[in-house]
Amino acid sequence: MLELIQVNKVVDGEATLEDVNLTLSNNAINILLGPTLSGKTTLMRVMAGLDRPSSGDILFNGESVIGVPVQKRNVAMVYQQFINYPSLTVFENIASPLRVLKVDSRSIIKKVQRAAAMLQITDLLDRTPEQLSGGQQQRVALARALAKRAKLVLLDEPLANLDYKLREELRSDLPKLFSEQGAILVYATTEPIEALLLAGKTAVMHEGRVRQFGTTIEVFNNPRDITAARVFSDPPLNIGTVTKMGALLNLGEYSLPLGSQANDLTDTEYQVGIRPHNISLNRDGENSVEILGTVTVSEITGSESFIHFHFADCHWVALVHGIHIFGQGEEIQLYLNPETFYFFYRDGKLAQAPEDSIR
Amino acid sequence: MKRWNNKAWLLVVPMLALVAFSAVIPLMTVVNYSVQDSFGNNEFFWVGTEWFQEVLRSERFHNALLRNLAFSGIVLVIEIPLGIAVALCMPRRGPMVSVCLVLMALPLLIPWNVVGTIWQIFGRADIGLLGYSLAGAGLDYNYAQNPLDAWFTIILMDVWHWTSLVVLLCYSGLVAVPDAYYQAARIDGASRWAVFLNIQLPRLKRVLLIAILLRFMDSFMIYTEPFVLTGGGPGNSTTFLSIDLVQMAIGQFDLGPAAAMSLVYFLIILLLSWIFYTIMTSTDDAAGSPGS
């Protein structure tokens, strides 16, 4: 178990980590989700022991590891860039941490073979990293982390530089590979979809703070505040300002009926968050409300289309099924379902999330 | 279907003319001289390969060539490791970076003959700081009389003048190494030496190739420094090919042999550079890089 208690990190007078409290265990993958510069890498460096926190404590299985040098901590790290020793063969690359640990050569061979087999690179052991494709290079880096049998494995956007297909393949393998070793697995990513696919637990990071930590699906469904909801939404969350008046919501010049989830909210101003897939081109459900939007851009992703449009003085995005092409400036009808709205107070805290059956 | 457009020649012709006047025509003139003898009056006689045979057989040429090879060898052996070492010591970021870079670039901005003059005066026992201190320390240092001292001075001069080129090239290679490599090595617990051997040196391979080639070609063409220092002396001890060539052509006015010698000189540089390049790039290809 890795516990971070009130960890702060200040670099050149600027706080890059603020009051981070996290308890990570080895029974599920731990995801750090946040945009670039949100502090994911800094946090990982602190966890690894590459950097010392400015204040706070880090406990590994109950014991403080502050001040323990990184090479004595038994951690492994894999990066977005494919980091291998360029002059060594794949075998020696995987064996390198074991050589430093002075493991005897027979068990090195065994361990390297095992790790290579798990990542399906056994036939590449004699080559040098330059002769491998990007995906193979990253497999070597992962095998090195695996062979080391580290207790803490930090993966810093390990799949970001791989193509789509390899990414899917490795993503499904990763948690299995490391969970067999009982290692604490930490995975940093900028992509909400990746977090959802990996499941496990997610810490939403924003500007050096952990905004929320919990089971991934729970964090996705019930964001604590508008920031967490924004970070954990791709395409970006649509946000509008509404005023609740009895059973009506005033959004710009529109009046929408209130969703059943919001019945108990007091009458005041809220910010509503609407996920792009909850805006559609067809009426769905009896509560659906028709709005008129002015198209700015429409993009096709294959089986779905993004429609960027202007509505109520805001820029909105809808993610709709099928292929739809609209010209710029075209006025189109779209449908909102008030049952799917997230309500946030003016200070950003979540007031009410939609009910589970609706999302 | 390819359409030919002859207008492209208009763009190429100025360049061709420039190269013709600056390189091809002078070179052909040299070739012309190298196969003919002249007794003045613009009368020329065909002598075939006689001058080439004479040059290649002469001991004077052999000695000068050996001096050149020795000089280039010594200079490379000192400057390359020293350049790498200095580059490794330079900071990777911070305000000191620009200070270091300017300091390193300074010697490169000084013309050859000025470098020669600086060291010539610096090494004099009567007024030069280096010569005077060495004499004061009881060392018998005199580059004008002792061949070893002359060599020492010229090598020192070259190292002082050109090591920073190697430093700058290596530094650019080192700065390009992503931080993650060093982090990964730290996490592994790799030693400083292992980091150098397995991360930094492989990354420096390409720039080192360029550094070695540049330094070899340049040092093989050395002329100004020994010319300014002792004019090729004491005796013939620092008479390199270039100095010999100038003496032959302008001192003795033996244009035929001098032309033959300059062609041989040119071919040697070309050949050695080609060998260097082939050897160094072939080790590179053996590692191969289909992936990147």
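Everything numeric here is computed off the predicted structure, so don't read it as measured data.

Enquirer: Help me understand the overall build of chain A, please; the structure alone is not making it clear to me.
Expert: If you tally the helices and strands in chain A, you get 8 helices and 21 strands. Taken along the three principal axes of its C-alpha coordinates, chain A extends 75 × 45 × 40 Å. Considering only contacts within chain A whose residues lie at least 6 apart along the sequence, 66% involve residues at least 24 apart. Here chain A displays about 16,200 Å² of accessible surface, and carbon together with sulfur accounts for 48% of that area. Charge centroids of chain A, computed over 33 positive and 42 negative side chains, lie 13 Å from each other.

Enquirer: Hey, could you run me through the nonpolar core in this one?
Expert: Nonpolar side chains in soluble globular proteins generally cluster together in the buried interior. Within the largest apolar cluster, 47 residues are counted, with the highest numbers of intra-cluster contacts made by A:I94, A:I121 and A:F178. Sort the elements by how many residues they give to this core and helix α4 (residues 134-147) of chain A lands first, with 7 residues. Setting aside chain neighbours within four positions, we find A:I94 in contact with A:V112, A:A115, A:A116, A:I121, A:L125, A:V140, A:A143, A:R144 and A:A147. A:L43, A:M44, A:A48 and B:V195 belong to the second-largest nonpolar core, a separate cluster that totals 41 residues.

Enquirer: Explain the environment of A:F341 here, please?
Expert: Residue and element names in this part refer to chain A. Relative to the assigned elements, F341 resides in the loop between β19 (331-336) and β20 (342-344). For the pair F341 and T128, spaced 213 residues apart in sequence, the C-alpha separation works out to 53 Å. Leaving out residues up to four positions away in the same chain, F341 has contacts with L249, L256, Q261, V272, G273, I274, L336, Q352, A353 and P354.

Enquirer: Any chance you could explain the pattern of salt bridges here in plain terms?
Expert: Pairs may arise between side chains of opposite charge once their charged atoms sit close together. Residue and element names in this part refer to chain B. Across all of its chains, the model carries 16 salt bridges over all chains by this definition. As a salt-bridge pair, R215 and E79 come within 2.8 Å of each other at their nearest N and O atoms. Residue R215 is located in helix α9 (residues 192-220), and its partner E79 is located in helix α3 (residues 59-89); the two are separated by 136 residues in the primary sequence. E79 carries the same exposure label as R215, and that label is buried. Where R215 meets D158, a salt bridge forms, and the shortest distance between an N and an O atom there is 2.6 Å. With R215 in helix α9 and D158 in helix α7 (residues 147-175), this pair connects stretches of sequence that are 57 residues apart. Under the relative-accessibility criterion, D158 is labelled buried at 3%. Among the ionic contacts, a cluster of salt bridges with common partners joins E79, D158, R215 and D218.

About the thresholds
- Residues numbered from 1 in each chain as written.
- Chains lettered and ligands numbered in written order.
- Predicted model: local features only at pLDDT ≥ 70, side-chain atom pairs only at ≥ 80, totals over all residues.
- Heavy atoms only, no water.
- Helix = DSSP H or I, 4+ residues; strand = E, 2+ residues; numbered from the N terminus.
- Contact = heavy atoms within 4.5 Å.
- Areas by Shrake-Rupley, 256 points an atom, 1.4 Å probe, with all protein chains shown as cover.
- Lys, Arg positive; Asp, Glu negative; His and termini not counted.
- Charge placed at Lys NZ, Arg CZ, Asp CG, Glu CD.
- Core = buried A, V, L, I, M, F, W, Y, C linked by side-chain atoms within 4.5 Å.
- Buried < 20%, exposed > 50% of the residue type's maximum accessible area, 1.4 Å probe, protein only.
- Salt bridge = Lys/Arg side-chain N within 4 Å of Asp/Glu carboxyl O.

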